[in-house]
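# Descriptive analysis of the structure
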Amino acid sequence: MKVLKFGGTSVGSAECIIRVKGIVEAIDGEVVVVVSALGGITDQLIQVAHTAKAGQKSYQEEYEAIRRRHVDVLRQVVTDSNKLEVVEQQVGVLLMELKNILQGLYLIKDLSPKTEAAIVSYGERISSVILAAVIEKASLLDSLQFIKTEKKHERNIVDRDLTDALVKAAFRSAPKLTVVPGFISTDKDTGEITNLGRGGSDYTASLIAAALDAECLEIWTDVDGFMTADPHVISTAYTINELSYVEAMELCNFGAKVVYPPTIYPVCHKNIPIRIKNTFNPDAQGTIIKAECCSSQKAIKGISSINDTALITVTGLGMVGVIGVNHRIFKALAQRGVSVFLVSQASSENSTSIGVRNEEADMACEVLNSEFAKEMEMGEISPVVAEKNLATIAIVGENMRHTPGVAGKLFGTLGRNGISVIACAQGASETNISFVVEEKSLRKSLNVIHDSFFLSEYQELNLFICGIGTVGSNLISQIAIQQERLMDERGLKLNVVGISNSKTALFVREGIDLSRYREELQERGRKSDVETLRNEIIGMNIFNSVFVDCTASKDVAALYKDFLGHNISVVAANKIAASSPYSNYNMLKQIARHKGVKYLFETNVGAGLPIINTINDLINSGDHILKIEAVLSGTLNYIFNRISADIPFSKTIRMAKEEGYSEPDPRIDLSGTDVIRKLVILAREAGYCLEQADVEKHLFVPDEFFEGSLDDFWTNISRLDADFENRRQQLEAEHKRWRFVATLENGKGSVALREVGSTHPFYGLEGSNNIILLTTERYREYPMMIQGYGAGASVTAAGVFADIMGIANI
């Protein structure tokens with residue numbers, strides 16, 4: 001025998017009911033079908049009851065809508081005219097009873113719990129009549145006759161022994177196919193109609209399955225099964241194939257609404273599997289809940305949450321060592337019917353925190369303040385207050401007990417993403433770790449846990465890219481090309497959730513289509529400035545966030561502090577922050593370290609060359625940087641490699657600008673400012689406290705050429721051509737070349753145009769390449785040399801990309 005339960009959405013329309021008919025009739029063997037009210041009807045019944053109680057005549061219109069919906073559905077699904085006449089009469093009797101009760105409510109304007117329970121029962125009583133008429137050879141049994149409850153703590157609790165006996169008796173001579181209304185019950189003493197609570201049809205089905213020793217309980221709903229997390233929050237959530245009874249119970253208790261929590265125990269006790277199926281996708285595998293599951297590599301099975309949480313803390317030094325405090329807390333709450341779903345107690349016994357629903361928080365505080373009034377008067381216990389608008393999250397999985405470090409990984413992951421844990425609880429069974437966070441952090445928490453524990457198909461990194469000039473646009477192109485490969489080979493999804501230029505910004509939590517990002521920015525982007533950029537990125541509160549700065553803006557660099565402080569990693573091609581006053585540089589590094597995020601700027605020096613990472617590796621492994629000699633300006637190296645008898649000095653500057661090597665204003669390169677910034681950054685990474693003003697400058701262009709406008713510069717720069725040509729000829733005769741060299745030695749820095757001979761490592765440096773010599777304790781006699789492309793949008797973008805991948809590999 002199988003017991004099948006169909007929820008409200010499964011019987012929400014005539015089309016749905018026909019689909020249910022096909023599912024049931026395809027089963028060979030005994031079947032019990034438990035049915036809920038038509039989708040939305042229970043809410044409508046509650047609404048019409050309150051409208052009538054309020055003395056509003058509009059209750060008649062609401063009743064008529066309920067009546068008409070049932071009649072319309074009935075006429076669409078029952079095509080046999082003779083059967084239709086009989087069923088219409090049965091439904092009509094129930095509808096008339098409902099109408100009379102509502103009329104009475106309207107007159108006396110009083111709605112007791114007993115009357116409300118009677119009113120909402122009509123949803124299931126009518127839907128079961130309709131479904132029994134539709135399914136071939138089905139008979140109808142009334143669950144009011146065998147699902148019995150008793151009153152405990154103001155709640156209707158099923159009398160299991162009596163119900164079990166009555167179910168067996170009722171089904172002893174039942175036909176092969178039976179339809180039963182779910183949700184509804186009667187009091188065992190008074191016979192008054194009660195119910196099993198919202199979702200109670202699941203429980204009805206479970207009670208029947210357990211009593212009849214069914215081979216399987218199937219819950220047919222509108223989802224494919226239990227998901228690893230709420231798919232409305234996490235788009236990558238997927239269906240869990242198997243769960244143990246314990247895992248399913250934990251997920252249900254903490255907000256997973258697939259199964260009504262009390263459903264699990266009756267069938268678990270009889271070792272009857274539960275299968276969750278989708279009425280609208282019957283071929284889907286669904287989720288099976290059973291005693292033992294196949295082994296899994298993953299420590300956790302799923303994540304569940306309750307966003308309606310208030311935390312109440314009973315605290316005071318007078319609790320320490322006193323026996324029975326917790327007994328008094330839970331007894332007082334139970335007597336008032338307050339349900340507690342989380343308990344967290346300090347080992348010192350001076351505080352106990354409990355999680356309740358927001359709507360019960362004030363009552364719980366009132367109860368506890370009354371219970372401990374004497375202790376509060378004596379100052380032994382503090383007044384009890386509720387902290388509201390919180391969320392409770394639970395990670396669930398029986399494999400956690402075999403996997404060391406799950407809790408450490410969980411809280412470390414949350415901390416790196418700036419999520420503060422307010423309270424936590426874990427049982428000795430290690431199947432559930434529950435914790436409380438601010439409600440505003442719920443989405444971020446769920447996403448980062450889902451990603452961190454590999455419940456997602458891909459690990460995600462969410463990128464905000466600022467600046468879409470040559471470097472930024474190249475970076476976006478490289479990401480677009482690599483996205484699919486990274487997902488397939490590395491299980492990494494780079495999700496660009498924000499793109500901005502100097503005037504416009506676009507933010508899309510689900511990710512921007514990189515194949516048409518410029519069109520998207522133009523069509524959907526909005527006016528933006530630095531303040532908007534800051535507020536939007538921080539306000540989105542997305543997990544695993546990285547801000548990528550491909551600008552040269554001082555204002556954008558000023559945002560790093562706020563981003564790092566909100567646990568957003570920063571990757572910067574922009575040199576301004578790392579070469580700013582040492583106090584600011586050091587502060588950014590300290591914030592990143594404290595928050596557990598990354599501040600990376602490898603491309604600040606040498607574009608895509610691994611210079612900064614190499615220095616860090618040397619120092620972290622115990623080496624000491626003694627001296628740095630480097631050609632760090634691809635622009636200047638290009639200029640001094642191109643200058644010749646045919647190409648004068650001024651023309652090489654124009655060529656560098658036209659080919660994208662120089663800044664838009666090449667005076668920045670010629671002034672040595674860019675090289676000084678790079679040298680300062682290298683010195684700091686090497687462990688020296690160096691400011692830009694400390695660097696000695698020996699420049700090759702007189703100061704007067706840096707005054708006035710850029711147009712003035714272009715007009716006057718050719719005046720230097722003759723002098724440079726004379727000096728160039730002399731160099732050529734001596735087999736020497738010019739190189740603009742940055743030097744750090746004994747903690748002091750300098751930049752100068754030097755003449756190097758043919759035996760010097762810098763002599764053969766071609767094009768816009770960079771070269772760096774690192775003299776260290778280990779590499780004293782033969783310095784380490786790093787050489788390669790030191791400029792260009794493509795290699796710089798590749799270096800930024802490498803920094804992003806460095807964050808992904810944390």
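As a reminder, the structure under discussion sits directly above these lines.
It should be emphasised that the depicted structure is a prediction, and the values quoted were computed from it without experimental measurement.

### Considering the pattern of salt bridges
Tallied over the entire structure, the rule returns 44 salt bridges. Between Arg198 and Asp43 there is a salt bridge, with the nearest N and O atoms lying 3.0 Å from each other. A residue pair is termed long-range when its members are at least 10 positions apart, and Arg198 in the loop between strand S8 (193-195) and helix H7 (200-211) and Asp43 in helix H2 (residues 41-53) qualify at 155 residues. Residue classification places Asp43 among the partly exposed positions, given a relative accessible area of 45%.

### Comments concerning the side chain of Thr614
Take Thr614: it is sitting in helix H21 (residues 611-620). Under the relative-accessibility criterion, Thr614 is labelled buried at 17%. Here Pro610 takes part through its backbone oxygen, which lies 2.4 Å from a polar atom of the side chain of Thr614. Contacts of Thr614, omitting those with residues within four sequence positions, involve Leu774, Met784 and Ile786.

### Some words on helix H4 (residues 81-108)
Residues spaced three or four apart along an α-helix point in a common direction, a consequence of the helix completing one turn every 3.6 residues. Taking 1.5 Å of rise per residue, the 28 residues of H4 would be expected to cover 40 Å, and the 40 Å separating its terminal C-alpha atoms lies within 8% of that figure. By the burial criterion, the buried members of H4 are Leu84, Val87, Val91, Leu94, Leu95, Leu98, Leu102, Leu105 and Tyr106. In this fold, the buried residues of H4 make contact with H2, helix H3 (59-77) and helix H5 (113-134). The backbone nitrogen of Asn82 has a side-chain oxygen 3.1 Å away, supplied by the residue at the start of H4, namely Asp80. Directly after H4, the chain includes Lys109, whose backbone phi takes a positive value near 55°.

### Considering the packing of aromatic side chains
Within this structure, the stated rule accounts for 19 aromatic pairs. For the ring pair Phe640 and Phe700, a centre distance of 5.2 Å and an interplane angle of 70° mean the geometry is edge-to-face. Of the two residues, Phe640 is situated in helix H22 (residues 634-642) and Phe700 in the loop between strand S27 (696-698) and helix H26 (710-716); the sequence distance between them amounts to 60 residues. The residues Phe640 and Phe700 share a single accessibility class, namely buried. Ring centres of Phe649 and Phe724 lie 4.0 Å apart, and the angle between their planes is 10°; on these two criteria the pair is classed as stacked. Highlighted residues: Phe649 in helix H23 (residues 649-658) and Phe724 in helix H27 (residues 721-733), separated in sequence by 75 residues. Owing to a relative accessible area of 1%, Phe649 belongs among the buried residues under this scheme. Here Phe724 falls in the buried class, since its relative accessible area comes to 1%. When the ring centre of Tyr106 is taken as reference, the NZ or CZ atom of Lys109 above it lies at 5.6 Å.

### A look at the pairing of strand S29 (residues 748-757)
Bridge count between S27 and S29: 3 bridges; the pairing is parallel. Bridge pairing links Glu696 to Ser750 in S29. Hairpin geometry of strand S28 (residues 736-745) and S29 is characterised by an intervening segment of 2 residues between the two adjacent antiparallel strands and by a positive phi of about 55° at Asn746.

### With respect to the nonpolar core
Note on soluble globular proteins: their nonpolar side chains tend to be buried together. Counting residues in each nonpolar core, the largest one holds 104 residues, and the members touching the most others are Ile449, Phe547, Tyr599, Phe649 and Phe700. Broken down by element, this core gets its largest block of residues, 7 residues, from helix H25 (residues 673-685). Judged by nonpolar contacts, the second largest core, of 56 residues, contains Val33, Val120, Ile130 and Leu177.

Procedures and definitions
Residues numbered from 1 in each chain as written. Predicted model: local features only at pLDDT ≥ 70, side-chain atom pairs only at ≥ 80, totals over all residues. Heavy atoms only, no water. Salt bridge = Lys/Arg side-chain N within 4 Å of Asp/Glu carboxyl O. Helix = DSSP H or I, 4+ residues; strand = E, 2+ residues; numbered from the N terminus. Buried < 20%, exposed > 50% of the residue type's maximum accessible area, 1.4 Å probe, protein only. Polar contact = N/O pair within 3.5 Å; in protein donor to acceptor, adjacent residues only side chain to side chain. Contact = heavy atoms within 4.5 Å. Expected span 1.5 Å × (residues − 1). Phe/Tyr/Trp six-rings, centres within 6.5 Å; stacked < 30°, edge-to-face > 60°. Lys NZ or Arg CZ within 6 Å of the ring centre and 35° of its normal. Pairing = 2+ DSSP bridges. Core = buried A, V, L, I, M, F, W, Y, C linked by side-chain atoms within 4.5 Å.

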